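Now for the letters of each chain:
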Amino acid sequence: MATFREMRVLEIVEDGSLTRDQKIAELRDIESEARGLQRAASESPMGDDDGWQGDLREVRLALDRLGAKEPKKGAASL
């Protein structure tokens, strides 16, 4: 079963009313949110599997399909 984020990623990629740059910007927003949630989950005493890795992979694949360049990573990046 697809997660909400996976369905949203597909919806963005297939949206003919958005430009390539708009799609990339929306996907980057989802990626940023998922990374923040992953970071928060990793600091929690709960289980090892935070559940966000799959969503991040789907976003990254969609960005790659759109030809988006990998953003520069700083010291605080995951």
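These notes cover the structure that comes with them. (Residues numbered from 1 in each chain as written. Predicted model: local features only at pLDDT ≥ 70, side-chain atom pairs only at ≥ 80, totals over all residues. Heavy atoms only, no water.)

### A few points about the nonpolar core
A general trend in soluble globular proteins is that nonpolar side chains are found buried together.
Next, step 1: Val9, Ile12, Leu18, Ile24, Leu27, Ile30, Val59, Ala62, Leu63, Leu66 and Ala68 together form the largest nonpolar core, which totals 11 residues.
Next, step 2: Sequence-distant contacts of Ala68, defined by excluding residues within four places in its chain, comprise Arg20, Ile24, Arg28, Arg60 and Leu63. (Core = buried A, V, L, I, M, F, W, Y, C linked by side-chain atoms within 4.5 Å. Buried < 20%, exposed > 50% of the residue type's maximum accessible area, 1.4 Å probe, protein only. Contact = heavy atoms within 4.5 Å.)

### Description of the pattern of salt bridges
Next, step 1: Taken as a whole, this structure holds 7 salt bridges when the rule is applied.
Next, step 2: Of the charged contacts in the structure, one is a salt bridge between Arg35 and Glu31, with a shortest N-O distance of 3.5 Å. Of the two residues, Arg35 and Glu31 are both situated in helix α2 (residues 20-42); the distance of 4 residues between them amounts to about one turn of the helix.
Next, step 3: Residue Asp64 pairs with Arg60 through a salt bridge whose shortest N-O separation is 3.2 Å. In this pair, Asp64 and Arg60 are both assigned in helix α3 (residues 53-65), 4 residues apart and thus about one turn of the helix distant.
Next, step 4: By relative accessible area, Asp64 is classed as partly exposed at 45%. (Salt bridge = Lys/Arg side-chain N within 4 Å of Asp/Glu carboxyl O. Helix = DSSP H or I, 4+ residues; strand = E, 2+ residues; numbered from the N terminus.)

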